[in-house]
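Single-letter residue listing:
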2 protein chains.
Amino acid sequence: MSATLRTTDTTIATAFPWLSSGIIDHVNVGHTIGCTADRVLDRHEHIFLEGEKQTHIYLVIEGVVGTYKLLSDGRRQISTFAYPGDIIGLDTVGEHVNSGEALNRSVIRCIPINSIEKLMRNEPGFGQALLHLTANELADTREQMLSLGRKSAAEKLATFLLRVARRHQAVDRSTGQSNQTISIPMKRSEIADFLGLTIETVSRSFTKFRVAQVIKLVANSEVEILDINRLALIANGDAPNCLH
Amino acid sequence: MSATLRTTDTTIATAFPWLSSGIIDHVNVGHTIGCTADRVLDRHEHIFLEGEKQTHIYLVIEGVVGTYKLLSDGRRQISTFAYPGDIIGLDTVGEHVNSGEALNRSVIRCIPINSIEKLMRNEPGFGQALLHLTANELADTREQMLSLGRKSAAEKLATFLLRVARRHQAVDRSTGQSNQTISIPMKRSEIADFLGLTIETVSRSFTKFRVAQVIKLVANSEVEILDINRLALIANGDAPNCLH
DNA sequence: CGCATAATTGAATTCTGTCAATCGTGGTGG
DNA sequence: CCACCACGATTGACAGAATTCAATTATGCG
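To start, this report covers the structure provided alongside it.

Reading guide: rules and limits
Residues numbered from 1 in each chain as written. Chains lettered and ligands numbered in written order. Predicted model: local features only at pLDDT ≥ 70, side-chain atom pairs only at ≥ 80, totals over all residues. Heavy atoms only, no water. Helix = DSSP H or I, 4+ residues; strand = E, 2+ residues; numbered from the N terminus. Buried < 20%, exposed > 50% of the residue type's maximum accessible area, 1.4 Å probe, protein only. Contact = heavy atoms within 4.5 Å. Near = heavy atom within 4 Å. Polar contact = N/O pair within 3.5 Å; in protein donor to acceptor, adjacent residues only side chain to side chain. Nonpolar A, V, L, I, M, F, W, Y, C, P; charged D, E, K, R; others polar. Buried area = accessible area lost by both parts, 1.4 Å probe. Salt bridge = Lys/Arg side-chain N within 4 Å of Asp/Glu carboxyl O. Core = buried A, V, L, I, M, F, W, Y, C linked by side-chain atoms within 4.5 Å. Domains from an automatic or database assignment.

Describing the overall build of chain A
(1) Moving on: Along its length, chain A carries eight helices and 12 strands.
(2) Moving on: For chain A, with 244 residues in total, the buried portion stands at 54%.
(3) Moving on: A fraction of 71% describes how many contacts in chain A between residues 6 or more apart in sequence connect residues 24 or more apart.

Structure representation (structure tokens):
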């Protein structure tokens, strides 16, 4: 099971690092928000299940967490991959509409819902910040819907790789290099369930890109992007003739 | 072009009828929110385009409005169908991530963004209400992702029909009848672009349901649901053998 | 080093898409 | 009031993309 590292009274700034980084500036980030706890999660350990009452929202501190929905016969649609700095469990107020699961060994910060509600009443800018956050996630989700509904396998994978690359850049913008080697912290089956494909199709698309010199497979979970422009063309369905 | 019916100072209650219906109770709905205008839209008339600066959010008063994203070669993914009472244009703060278009002759109420921002500062509960709204839309969108990514054509259409039926019930719950005849206010091509299918496949799925006595096609835009339980089974992938 | 798990590749099938033709419907004007 | 026309919906035949099933290869952890 999961070990609780520490339980402390926390300030807004500690619980929501992204708030300090300038999205919203009229929040008193020194405000205390009550008890938060950090949890260490093993791979495949669940944080919450679809349908459960929502008691906390969760800030990913380390690792990668996935949220997903299932059909009764086991088909799975992964909704999001959450990286450090991302918040999960905000889907709706009431009960979780997704299950949340660690894809790797992860650390998450658990923030009680009632703290959030109190904060929204006391810090006017805070609700606005959460709205921003949720709205951005909605925008992201809509982008993903375009992939799921209208893109071919290769286009989906290209879109996904660019997404990860952008994300990766955001994490280590310290190294300002452009010919990126990105790490793919999820397995093929998880990519497949995110893109609405099978692992075989994902694998074949990887191979196509490799053969076409668009990427180089350094390892199973490490991809070097050789031609990011081409990748972008493919992602948007603008690749002249190939790779479909 | 569109005719502006009237421009008036409006209260919260007028602009957001759903606020009065009990979601959030600590908002002074008598508060005035500044100038709103009602617009009458013809079929196919646009409200906003993807990428445009977001100046208003819009409350649908009459008709049905669709929001969508395009790929450069014309492939379209419809994100939402908005009915009277729904709000569109909340996707994100900044610029629209979808285009919005009337599917039928519609009336929308245009609410300036700056009113919204002011309201969020002055009425603590209001931001919370918008967060609720956005979170619910996010939950809805995630449900749709499951359809797009993991369901067969028949399952998608069944899911869609149930969705419309639920919506329909909400509208005229005055007539408490159960053997529902629902009106489908969108064309096959719009259903197709919502479900990530072609019009031909949508049409074939309709025919399958008709032959299987699950629905009756009263007219092109009017469906009688004969066996809602069966439809629900199909929608969730639990239909024993058939219709796939 | 070895084994379990993950990824790749191949062959055959299935579902959906594409192209094309026909049918139906609703609205308009004679 | 009816006929016509344009648009939308349906149906059929075929093609193609992705899945399924199966076998092989690679990887990474103990």
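The structure having been displayed, the exposition proceeds.
Brief notes about the environment of leucine 226 of chain B
All names here are of chain B.
(1) Moving on: Considering the arrangement of structural elements, one finds leucine 226 in the loop between β12 (222–225) and α8 (228–235).
(2) Moving on: Judged by relative accessible area, leucine 226 falls into the partly exposed class, the value being 37%.
(3) Moving on: A C-alpha to C-alpha distance of 5.0 Å links leucine 226 and isoleucine 215, two positions 11 residues apart in sequence.

Here we look at the protein's contact with DNA strand C
(1) Moving on: As a structural note, the neighbourhood of DNA strand C is formed by 18 residues, with Ser203 and Thr207 of chain A together with Ala153, Thr201 and Arg204 of chain B the closest of them.
(2) Moving on: Counted by atom, the contact set of DNA strand C within 4 Å of the protein is 67% sugar and phosphate.
(3) Moving on: Take lysine 187 of chain A: an N or O atom from its side chain is 2.9 Å from a phosphate oxygen of DNA strand C.
(4) Moving on: Between threonine 207 of chain A and DNA strand C, the recorded distance is 2.5 Å, taken from a side-chain N or O atom to a phosphate oxygen.
(5) Moving on: Where the surface near DNA strand C is concerned, the elements lending two or more residues are α7 (199–211) of chain A together with α7 (199–211) of chain B.
(6) Moving on: Top element by residues in the surface near DNA strand C is α7 of chain A. It accounts for five residues.
(7) Moving on: Grouping the amino acids of the surface near DNA strand C by side-chain chemistry returns three nonpolar, seven polar and eight charged.

Re the interface of chain B and chain A
(1) Moving on: The interface of chain B with chain A comprises 50 residues on the first partner and 50 residues on the second.
(2) Moving on: Note on chain B versus chain A: buried area summed over both sides is about 4400 Å², and carbon and sulfur give 61% of it.
(3) Moving on: It is Arg142, Met145 and Arg150 of chain B that lose the most area in chain B upon contact with chain A, and together they represent 19% of the buried surface on that side.
(4) Moving on: Where chain B packs against chain A, one counts eight salt bridges.
(5) Moving on: Counting every contact that joins chain B to chain A gives 20 residue pairs in polar contact (both at pLDDT 80 or more).
(6) Moving on: Broken down by secondary-structure element, the contributors of at least two residues to the side of chain B that touches chain A are β5 (65–70), β6 (76–82), α3 (113–122), α4 (124–150) and α6 (188–195) of chain B.
(7) Moving on: No other element matches α4 of chain B, which puts 20 residues into the side of chain B that touches chain A.
(8) Moving on: Here the residues of the side of chain B that touches chain A are counted per class, giving 18 nonpolar, 17 polar and 15 charged.

Considerations on the protein's contact with DNA strand D
(1) Moving on: Near DNA strand D you find 18 residues, and of these Ala153 and Thr201 of chain A together with Arg188, Ser203 and Thr207 of chain B are the closest.
(2) Moving on: Of all DNA strand D atoms lying within 4 Å of any protein atom, the proportion belonging to sugar or phosphate reaches 67%.
(3) Moving on: Separating a sugar or linking oxygen of DNA strand D from a side-chain N or O atom of asparagine 220 of chain B is a distance of 3.3 Å.
(4) Moving on: Of all the secondary-structure elements, those providing two or more residues to the surface near DNA strand D are α7 of chain A together with α7 of chain B.
(5) Moving on: Top element by residues in the surface near DNA strand D is α7 of chain B. It accounts for five residues.

Points about the nonpolar core
(1) Moving on: If you look at the biggest cluster of nonpolar residues, it comprises 34 residues, and the most contacted ones within it are Phe81, Leu157, Phe160, Leu161, Ile184, Ile191 and Phe209 of chain A.
(2) Moving on: Residue assignment for this core shows that the elements contributing at least two residues are β6 (76–82), α5 (153–171), α6 (188–195), α7, β12 (222–225) and α8 (228–235) of chain A.
(3) Moving on: The leading source of residues in this core is α5 of chain A, at nine residues.
(4) Moving on: Taken domain by domain, this core gets at least three of its residues from each of domain 1 (3–146) and domain 2 (151–235) of chain A.
(5) Moving on: Once you skip the residues sitting within four places of it in the chain, phenylalanine 160 of chain A turns out to touch Phe81, Ile184, Met186, Ile191, Phe194 and Leu195 of chain A.
(6) Moving on: Counting residues in each nonpolar core, the second largest holds 33 residues, with Ala158, Met186, Val202 and Ile225 of chain B among its members.

All quantities given are derived from atomic positions and should not be read as evidence of function.
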